[in-house]
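Observations on the model geometry
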Amino acid sequence: MLQYVNVEIDGAMIRAVKGTSVLDTAIEYGICIPHLCHVSYLSDIGACRLCIVEHVKNGRSNVTTSCTLKVEEGMVIMTNTDKIRRLRRNLAELLVAQAPNSRAIQDIAVRCGVKEVRYPFRNEDCVLCGRCVRVCTEVWKARAIGFVGRGKDRHVEYALGFRPDFCKQCGSCVELCPMTIPPCDGPMKPGEERLCGACESQLMIADETPGSCVWCKLGEGFACGRYA
Amino acid sequence: MSQNLDQILEGRRSQPNQLIEVLQDVQEEYGYIPQEAMRAAAEGLGVPLMEVYRVASFYKAFKLKPCGKNHLIMCMGTACHVRGARLLLEQAEGQCGVSPGEVSPDGLFSVEHVNCLGACALGPIVRENGSFHHHMTPGRLRKLIEVLRRQGTEEIQHVQAQ
Amino acid sequence: MSRLNSCRELEHLCKRLCEERQNITTTVMVCGGTGCRASGSGAVIAAIRNELSQQGLDGKVRLRPTGCHGFCEQGPIVVIEPGNIFYCHVAPDDAFEIVYQTVARGEVIERLLYTDPVSGKKAWTESEITFYSRQDRRLLSQNRKVDPCSIEDYIAAGGYSTLARVLDRVAPDEIVKEIQASGLRGRGGGGFLTGRKWAECREAPGDEKYVICNADEGDPGAYMDRCVLEGNPHQVLEGMMIGAWAVGARKGYIYVRNEYPLAVTNSRVAVEQMRELGLLGDNILGTSFSFDVDVARGGGAFVCGESTALMASLEGSVGEPRPKDVHTVVDGLYHKPTTLNNVETWANVPAIVQNGSAWFASKGTKGSKGTKILALTGRIKNTGLVEVALGTPIRTVVFDIGGGALNGNPIKAVQIGGPSGGCLPVSEFDLPVDFDVLHEIGSMVGSGGMVVMDEESCMVDVAKYFLDFLQDESCGKCVPCRLGIDRMLEIITDITEGRGTLKQLDLLEELAETVAETALCGLGKTAPNPVLSTLRYFRPEYEAHIKDKKCPAGVCKALITYSIDPEKCNGCGVCIRACVHGAITGEKKEAHVIDTALCQKCGICRSECKFDAIRVV
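What counts, and at which threshold
- Residues numbered from 1 in each chain as written.
- Chains lettered and ligands numbered in written order.
- Predicted model: local features only at pLDDT ≥ 70, side-chain atom pairs only at ≥ 80, totals over all residues.
- Domains from an automatic or database assignment.
- Buried ≥ 20, exposed ≤ 12 C-beta atoms within 10 Å, placed from the backbone.
- Helix = DSSP H or I, 4+ residues; strand = E, 2+ residues; numbered from the N terminus.
- Arc of directions from axis to C-beta.
- Contact = placed C-beta atoms within 7 Å.
- Pairing = 2+ DSSP bridges.
- Nonpolar A, V, L, I, M, F, W, Y, C, P; charged D, E, K, R; others polar.
- Core = buried A, V, L, I, M, F, W, Y, C linked by C-beta atoms within 7 Å.
- Axes fitted to C-alpha atoms, helices over the stretch in contact; angles between N-to-C directions.

Split by domain assignment, chain C resolves into domain 1 (20-129), domain 2 (151-354), domain 3 (372-454), domain 4 (459-548) and domain 5 (561-616). Taken over C-alpha atoms, the centre of domain 2 of chain C sits 55 Å from the centre of domain 5 of chain C.

Shown next, in the form of structure tokens:
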């Protein structure tokens, strides 16, 4: 038997299933909260910080990730305040400056309102979203890959650097990886990095109807929860 | 090696929360964490190898490669920093001919920086082979490294001569 | 010693130990803390022990190695009772005189006394030394009473009697109320109300609860916890046990950072001794309370000072913080309710329960009660551990206790609270050391590290130093910390190397605010503080680096030049020989010259020159 709680998201009263996260609830109801490391059938770790919302409690508002926040009776959440939009835009700007060579990352940047990138571009091929590690660990229970190292040195690797024989090359890790989707104009070679911002039509939709899910092509690219 | 590893794992088998203690003992015993030790720990404690590798690579105390014969530990705490520890670190790396985390080609030196040893009133601090050098200056550091290099070279020549 | 089976037996043991010690006429206390050991106090202890035996005094004189006395730069330190004679910079060769003259005949050895750097006068006792006399050493003064490796010392001084009384006739609820009434706030940096934390943990559902002592003191420049844990582990343990009784825990952990081997050893010895006496284990002192403690070592990760990361590390995993939407007092170690407190916080507990909350709250301010240990270091005359009542003005700590500027360079700023704290300029030194006041102006008391900086410290370089440190220590899980700190460091590096633009300053501020709001854990959230506080109070320095491409303090290598003042140089040639880059040339007795193309600004020449002839412009 499912239990329900009443929560308020962006002014809308919503009947949410007890035990689900604010992010899952919002997506279910068609409220678009951008996210990257969240995959509906994997655990939520709150690593990318894109899904931040304002949780209003006792007259104060707390910025927290909606994927790790479980719904509670009477909760008040705001997903699209000026503050949240500014913070999200800055985070997306950091991401696209780090790894512009992916359509998924470029789409996120557009969706979050990034119009200019004020940092020198780099051409990294991993954003450490952890989707690959979690699918290998939680779905296949293989643990063939994992996070290794710390801080700047953090990266994904096989244990001791060798692919173990119990990795059956199922391809799940590749399937979920946002970096495997090349930019629309083709892969960017070092020196060619830029914010493509080409999805003008998508940006217009996102600007005009902030917060609502429009089943955009953007989300399809990186397996947004709506498409799961 | 397997005998030593057995001893280290004794009393800790099948207890995943002992992983860090086991690795500490391995590090003390061998000066680094050999791959064999990681495999043994995985099997002995019931922890996936990926997790052992992850933990061994996360903590600074664990080295995945052996150190130089003289391993210089330089404190980069705030108090030492305002007394010029950064310059000492660069000097040590330059004089020993090492990049951070690597061993010098002659195997004599490796340099590591740690974030505060807790002897702040005596900084800048350099530790080497169990000795504590305090109030270090660029001049004294230069002499220390020269002495260690002379000692090390003599030992290598002595071994080679045999 | 045999197992204690009741509170009465503990009382008897205490009495017996005190009686045994009545024969001791003189006690020689030698500091065996890490600082003095680095200065060679181990050899001093051995030498004095030898001398006492040689001069036939070891029956009547007690040699007690103690923990840190706090005045580390004056070490090795020896204090002799009666008379409270304070000797500093003691060498093993002084042992004979100390025993022959002072111990046996009560005569003072003038040359071993402390000399006041300003007045030039000699001080016989601690109370005559301003460094000590202006402090309020409620906790630190306990160090001299015990040899950390002797549970007998602790019991003879009344140790564990508070615990015994609590177990015998004080209900857990009352303990929680007492701690709440005292106003004790976390001493590790968070400053959270301890009583409230204990109350929440006590109310959390579940039979299995834990208490943890956070001894992962990672703030560079802070070593208060090391001193307390090394020097008085039993007081910390007694505090933990009272806390465990209060919240309903039966197991505790002391998590000590890897870089403190002596603290690990001393706490392990303390735990063993307690187990032997039955002060740990089942039915302690014949009561219903069962409790045991393990001492765990960190692996070298500053982030493990964060509570969820510490717990992950105790569980044998990587120290990656978890989101704290549910507090750790409800869902902590192994997902059980856990009370995690700092070493100093635990050490305060026995005295509060013994003397009452009103006694504790009699010192401090409205919102910040009690005393706090600070690690006062940097460019001042007296560096070391300082304990003052909260509410004491920063000025008092830096100038009265710290003795003011070293080398006559005017003091410019003080960095309080480690990498999570902020820098305050001299103009703000009238502010009190108070949790709320400092938080409001963009700094924080933090763990208590206070680093004093003078005109030769570049504040942009200080911000860069902390960002470097935090980048090294970041776990790397979340975007704002991993990428945000990296980009802030990139911008500040540009500024220190002469490539900065004013636009970058605005970007730096915006990025700093974003990281502070969105990071997953305290490390990331407070990482921007050094940047934001130096921007707030020292913006002109940033602008000098950007607009004039100059480093006013003479630190940032790319913006300075080393040169030799021809008026001061007497051509001795020391610097030519010292320079490892061959950048200095000159004839004997003629002014030497530095070739700026070859000069790497390493500083060797400057430290070797005896005539102060080398300038940094």
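Moving on, we come to helix α8 (residues 172-182) of chain C. Residues and elements named next belong to chain C. Taken residue by residue, α8 has I175, V176, E178, I179 and S182 as its buried positions. The buried residues of α8 occupy one face: seen down the axis, they fall within an arc of 160 degrees. Where α8 is buried, its residues contact α7 (161-169), α9 (194-203), α11 (233-247), α14 (343-355) and α15 (357-361). Where α8 terminates, the next one or two residues include G183, which has phi positive at roughly 80 degrees.

On to the pairing of strand β6 (residues 145-148) of chain A. All names here are of chain A. In this structure, β6 lies alongside strand β7 (residues 155-158), joined through 4 bridges in antiparallel fashion. Bridging across to β7, G146 finds its partner in E157. Two successive antiparallel strands, β6 and β7, enclose a turn made up of 6 residues, where G149 displays a positive phi of approximately 80 degrees.

Our next topic: the interface of chain C and chain A. Of the residues lining the interface, 24 residues belong to chain C; the matching set on chain A comes to 22 residues. Broken down by secondary-structure element, the contributors of at least two residues to the side of chain C that touches chain A are α18 (459-473), α19 (479-496) and α20 (502-518) of chain C. When residues of the side of chain C that touches chain A are assigned to their parent elements, the largest contribution, 7 residues, is made by α19(C). In the side of chain C that touches chain A, the residues fall into 9 nonpolar, 6 polar and 9 charged.

Moving on, we get to the nonpolar core. Counting residues in each nonpolar core, the largest one holds 308 residues, and the members touching the most others are A:L95, C:I48 and C:V78. Setting aside residues up to four positions removed in sequence, C:I48 forms contacts with C:V28, C:V30, C:L63, C:A95, C:I98 and C:V99.

Residue and element names in this part refer to chain C. Pairing in this open sheet of 4 strands is parallel, and the strands run β9-β8-β7-β10 from one edge to the other. Each edge of the sheet is formed by a strand with only one pairing partner; in this case those strands are β9 (292-297) and β10 (338-342). Neighbouring strand axes in the sheet, compared pairwise and without regard to direction, differ in orientation by 20 degrees on average. Examined bridge by bridge, strand β7 (residues 210-215) and β10 share 5 bridges and lie parallel to one another. Residue pairing in the sheet places N214 in a bridge with N342 of β10.

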